[in-house]
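So you can see what is in the structure, the chains are spelled out below.
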Amino acid sequence: MTDEFKLSGYFSFLSYHVTSDTYKLDDIEWMFSVSSKDRQVLNVLIHNSNSSNLQSFDTNIKINLKYDNGTNLEKTFDVKFDYKNNTHCIDFVSIEEFEKHQNYFHPFTMNVVMKVSKIAPIRKTTDEIDLCEKDSVFNDIVLQFENSKVLYSSKAMLSIHSKVFNTMFNSNFEEKYQTKIKLDDDFEEFKTMLMIIYPSKNVVNSKNIEILMKLADKYDMSQLMDKCVAFVEKDGNVQNDLRLLLADRYNLPKVHNKCIRNFKDMESLEKFEESEVFGNLTQTTQVAVLKRAFGLSSQEKKDGGPMAKIKRAQEKGFN
């Protein structure tokens, strides 16, 4: 969406302020003015009538000033507006420079071409819950960890997301009536998981994906696991080595096959075979990696050909 504002006027020694008419763009009223309160810089003020806290506007503003001597000055600015910032002041040109081209008592013309490049919703974020705070509203179960560390949580929240906790708290187990339970998980890892399932700004990422999938698998958290799998399946989110390990560990054949094919040369494969990740793979996946090596070595015909790789595989105990 693009609109053009036009302003004509003149400055005098008594008045350094000229205001445009009001223009309507995307149901929002816009106007601009030119002023110089300090008599040093000519300012252009862009203002809109938006009072909604649910949207923001990304704009590209091109300002062209036509002096009475026939010369032009043009500048472009990128400005973002929202309900807290619906007026922007742009320092356009110094008064000293302006006076070189413009007589006070002669009219000038200024055109402002404004393009709204994006209208984006503003999503209100929920304040993060402090799970270490005893007075939290989510506070009917205390989770105890090593070194006397605790997290205050909700039986209902844990039960919704985990079949294990649902059985624990809603069947004939002693935990149903307890207000404290001991967990053998790492405190920080479990807290990371809780901050994903609770309302917060935290998201699944490459740093927490391994932790989240481990706990989602342990506590049978299908929604969290689905979210993690979707993240792993998307190319570029996780390095290929870790991606293959997760695919192997949690039976993701589509991701598994893609990771194997991502090894494009013998150098990267040989480096991977010496890594800790390779040692943590199941034998089936290790064999698949070595078969990929055999295929690449036969194509490259280097390092003694495929027989050298077969011999190396046999030495590792694979048939």
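Residues numbered from 1 in each chain as written. Predicted model: local features only at pLDDT ≥ 70, side-chain atom pairs only at ≥ 80, totals over all residues. Heavy atoms only, no water.

Named according to an unreviewed UniProt entry, the protein chain is BTB domain-containing protein originating from Caenorhabditis angaria.

J.: Could you give an account of the pattern of salt bridges, naming the residues involved and the relevant values?
T.: According to the stated counting rule, one finds five salt bridges in the structure shown. Glu-97 is paired through a salt bridge with Lys-100; the nearest N and O atoms lie 3.5 Å apart. Of the two residues, Glu-97 and Lys-100 are both situated in helix α1 (residues 95–101); the distance of three residues between them amounts to about one turn of the helix. Classification of Glu-97 by relative accessible area gives partly exposed; the value is 30%. Assessed through its relative accessible area of 57%, Lys-100 is described here as exposed. Asp-184 is the salt-bridge partner of Lys-218, the closest N and O atoms lying 2.8 Å from each other. Placement of Lys-218 in helix α5 (residues 209–218) and of Asp-184 in the loop between β12 (180–182) and α4 (187–197) is noted, with a sequence separation of 34 residues between them. Residue Lys-218 is classed as partly exposed on the basis of its relative accessible area, which comes to 39%. In this structure Asp-184 comes out as exposed when scored by relative accessible area, which is 69%. Residues joined by salt bridges that share partners form a network here, namely Asp-184, Asp-185 and Lys-218. (Salt bridge = Lys/Arg side-chain N within 4 Å of Asp/Glu carboxyl O. Helix = DSSP H or I, 4+ residues; strand = E, 2+ residues; numbered from the N terminus. Buried < 20%, exposed > 50% of the residue type's maximum accessible area, 1.4 Å probe, protein only.)

J.: Tell me what's going on with the packing of aromatic side chains, and back it up with residues and numbers.
T.: Inspection of the entire model under this criterion finds eight aromatic pairs. With centroids separated by 5.8 Å and ring planes inclined at 15°, the aromatic side chains of Phe-165 and Phe-169 adopt a geometry described as stacked. Here Phe-169 and Phe-165 lie together in helix α3 (residues 163–170), a separation of four residues that amounts to about one turn. Phe-165 sits in the buried class, given a relative accessible area of 0%. For Phe-169, a relative accessible area of 4% puts it in the buried group. Relative to Phe-190, the ring of Phe-165 has its centre 6.3 Å away and its plane inclined at 80°; by these criteria the two rings are edge-to-face. Of the two residues, Phe-165 sits in helix α3 while Phe-190 sits in helix α4, which places them 25 residues apart along the sequence. An aromatic cluster of at least three residues, connected via ring pairs, comprises Phe-145, Phe-165, Phe-169, Phe-187, Phe-190 and Tyr-219. In this arrangement the basic side chain of Lys-75 is found over the ring face of Phe-92, its NZ or CZ atom lying 5.5 Å from the centre. (Phe/Tyr/Trp six-rings, centres within 6.5 Å; stacked < 30°, edge-to-face > 60°. Lys NZ or Arg CZ within 6 Å of the ring centre and 35° of its normal.)

J.: Quick one: what's the story with the nonpolar core, residue by residue and with numbers?
T.: In terms of nonpolar packing, the biggest core is built from 56 residues, with Leu-143, Phe-165, Phe-190, Met-193, Leu-194, Ile-209 and Met-213 touching the most fellow members. The biggest single contributor to this core is α4, with seven residues. Discounting chain neighbours no more than four positions away, the residues touching Met-193 are Leu-212, Leu-215, Met-221 and Leu-224. Of all hydrophobic cores here, the second largest spans 25 residues; its members include Ile-61, Ile-63, Ile-90 and Phe-92. (Core = buried A, V, L, I, M, F, W, Y, C linked by side-chain atoms within 4.5 Å. Contact = heavy atoms within 4.5 Å.)

J.: Tell me about α4, and name the residues and values.
T.: Residues of α4 that are buried: Phe-187, Phe-190, Met-193, Leu-194, Met-195, Ile-196 and Ile-197. Tucked inside the fold, the buried residues of α4 contact β10 (141–144), β11 (150–153), α2 (155–161), α3, α5 and α6 (222–233). Measuring from the side-chain oxygen of the N-cap residue of α4 to the backbone nitrogen of Glu-188 gives 3.1 Å; that N-cap residue is Asp-186. (Polar contact = N/O pair within 3.5 Å; in protein donor to acceptor, adjacent residues only side chain to side chain.)

J.: So, helix α7 (residues 240–249): which residues are in play, and what are the values?
T.: Of all the 10 residues making up α7, eight are buried; the element is thus mostly covered by neighbouring parts of the structure. Buried within α7 we find Asn-240, Leu-242, Arg-243, Leu-244, Leu-245, Leu-246, Ala-247 and Asp-248. Asn-251 lies just past α7 and shows a positive phi near 55°.

J.: Just give me the short version of the sheet that holds β11, but keep the residues and values in it.
T.: Strands sit in the order β11-β10-β12 across an open sheet of three strands; the sheet is mixed. Either end of the sheet is taken by a strand with one partner, and the two such strands are β11 and β12. For this sheet, the mean inter-axis angle between neighbouring strands, taken without regard to orientation, is 25°. Bridge analysis of β10 against β12 gives three bridges, and the strand direction is parallel. Counterpart to Leu-143 in the pairing with β12 is Ile-181. Most of the contacts of α4 go to β11, to which it runs at about 20°, and overall it touches β10 and β11. (Pairing = 2+ DSSP bridges. Axes fitted to C-alpha atoms, helices over the stretch in contact; angles between N-to-C directions.)

J.: Which residues make up the side chain of Thr-59, and what values do they have?
T.: Looking at where Thr-59 falls in the secondary structure, it is placed in strand β6 (residues 55–66). Residue classification places Thr-59 among the buried residues on the basis of a relative accessible area of 3%.

J.: Tell me about the packing of α5 against α7, residues and numbers included.
T.: The N-to-C vectors of α5 and α7 enclose an angle of 5°; their axes lie 11 Å apart at closest approach. Considering their axes alone, α5 and α7 lie roughly parallel with respect to each other. Of the residues in α7, those in contact with Ile-209, Glu-210 and Met-213 of α5 are Leu-242, Leu-245, Leu-246 and Arg-249. Split into classes, the residues belonging to the contact of α5 with α7 amount to five nonpolar, no polar and two charged. (Parallel < 35°, antiparallel > 145°, perpendicular 65-115°, else oblique. Nonpolar A, V, L, I, M, F, W, Y, C, P; charged D, E, K, R; others polar.)

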